[in-house]
Amino acid sequence: MIKLGVNIDHIATVRQARKEDFPSVLHAAEVCQSAGATGITVHLREDRRHIQDKDVYELKSLLNIPLNLEMAATDEMVNIAREVKPAFVCLVPEKREELTTEGGLNILSQKERLTDVVNRLKDAGIKVSMFIDADIAQVKAASDIGADIIEIHTGNYAKYFKLSASSKEFTDELSKIAKAASAGHALGLTINAGHGLDYDNIAPICALKEMNEFNIGFSIVARAVFTGLDAAVREMLAKLKQYSC
Ligand code: PXP
C-alpha cells in the first residue's frame, strides 16, 4: 500500500493567523501518527509564514514516524536541517509571493549548487528528495546529483482532474507522471508524489506501481475542520488501501 505523509503546515497557518500557541502542531502530528500516517511533512519557509523553527525541533524529538522537512536549498535551511536531522529533506523551489509551492525545482539550471546541498545533507545522514515536475530530464538530473528520492509535483494533475477526469489534459498529465515514475524507478530512485492530491483525485495515481508515498496536506486539514483530524487521516488511508495496486 502507498504510504501517507501528512503535511501539517496548515495547522500552523491557523495558529499563526492569531500568533497564538494553538492549535498545536505537535498535537496534530500525534493525532496523524496514531491514525496511521507513515510520515509527517512540514515546510519551513524562509518567511516563516506557518511552521516555525521551534516546531521542527520539537517534532523531530516527539515523532516515532519519519519527519520530512520541506525547504528551499539555501545555506540557512541546510544548516537547520543538519542540526535537526529529519529522516528526509525535500528540496523545493520557493518564492516569497506564492500562496503555495507552484511547481517543481529546475535541477538542470543549478546542478552544481544542488549537488553541494545534496552532499551536505547526505553527510548529515539525511535522505534527500527533490520536488520536480513530471519531466524525464529533471528525473535524470535528480539521479545525477545523488538524490535518493523524487517527489513528483501533482499540481497540474489535480488541476486537470478538477476540470475533467476524462479530458486529454488529465490523461496526458497522468501519462507524464507514469513515465517519470518509471524512469526514476529504473534509476534506483524512490518515487513519491504530492501537491493538490485529495479524496476525489487520488484513485488514478494510486494505480502507478512505482509510487512509494504521497504527501498530502491541504485536503486533509480542510476535511478535518468538519470530521476531526483523526477521521480525515483514516479516510485518506482507506482510499490508499482501496486504490493502491
Ligand atoms: N509536497 C510538496 C513538495 C509541497 O510543497 C506541498 C505543499 O506544501 C505538498 C506536498 C502538499 O500539498 P497539498 O497541501 O496541496 O496537499
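Overview of the structure. Because the structure is a prediction, the values reported are computed rather than measured.

## Some remarks on the environment of glutamine 16
- In this fold, glutamine 16 is placed in helix H1 (residues 9–18).
- Between the C-alpha atoms of glutamine 16 and arginine 49, which are 33 residues apart in sequence, the distance is 7.3 Å.
- Those residues within four positions of glutamine 16 in sequence are excluded, and the remaining contacts are Arg49, His50 and Gln52.

## Re the layout of surface pockets
- Taken as a whole, the largest pocket encloses approximately 700 Å³ of empty space.
- Lining of the largest pocket is provided by 30 residues; of these, His10, Thr100, His195, Gly196 and Phe218 occupy positions nearest its centre.
- Contributing elements (two or more residues each) for the lining of the largest pocket: H1, strand S8 (211–216) and helix H10 (218–227).
- No other element matches H10, which puts 4 residues into the lining of the largest pocket.
- Residues belonging to the lining of the largest pocket are distributed by class as follows: 9 nonpolar, 13 polar and 8 charged.

## Some thoughts on the packing of helix H3 (residues 53–62) against helix H4 (residues 75–84)
- In the contact formed by H3 and H4, the axes pass within 10 Å of each other and the chain directions differ by 25°. On the basis of their axis angle, the class for H3 and H4 is roughly parallel. Of the two elements, H3 crosses H4, and the hand of that crossing is right-handed. Taken together, the residues of H4 that come into contact with H3 (itself represented by Asp53, Val56, Tyr57 and Lys60) are Ile80, Glu83 and Val84.
- The residue makeup of the contact of H3 with H4, split by class, is 4 nonpolar, no polar and 3 charged.

## Notes on helix H8 (residues 168–186)
- Here H8 is 19 residues long and its end C-alpha atoms lie 27 Å apart, about the 27 Å a rise of 1.5 Å per residue gives.
- Taken as a whole, H8 has its buried residues at Phe170, Glu173, Leu174, Ile177, Ala180, Ala181, Ala183 and Gly184.
- As for H8, its buried residues are in contact with helix H6 (136–144), strand S6 (149–153), helix H7 (155–163), strand S7 (190–194), helix H9 (202–206) and S8.
- At the C-terminal side of H8, glycine 188 shows a positive phi close to 90°.

What counts and how
- Residues numbered from 1 in each chain as written.
- Predicted model: local features only at pLDDT ≥ 70, side-chain atom pairs only at ≥ 80, totals over all residues.
- Heavy atoms only, no water.
- Helix = DSSP H or I, 4+ residues; strand = E, 2+ residues; numbered from the N terminus.
- Contact = heavy atoms within 4.5 Å.
- 1 Å grid on protein atoms, 1.4 Å probe; cavity = no way out; pocket = protein on both sides within 12 Å on 5 of 7 lines; lining within 4 Å.
- Points joined across faces, edges and corners; volume = space filled by probe spheres on them.
- Nonpolar A, V, L, I, M, F, W, Y, C, P; charged D, E, K, R; others polar.
- Axes fitted to C-alpha atoms, helices over the stretch in contact; angles between N-to-C directions.
- Parallel < 35°, antiparallel > 145°, perpendicular 65-115°, else oblique.
- Left-handed = near helix turned anticlockwise from the far one by under 90°.
- Expected span 1.5 Å × (residues − 1).
- Buried < 20%, exposed > 50% of the residue type's maximum accessible area, 1.4 Å probe, protein only.

Limitation: the analysis is restricted to geometry and does not speak to function.
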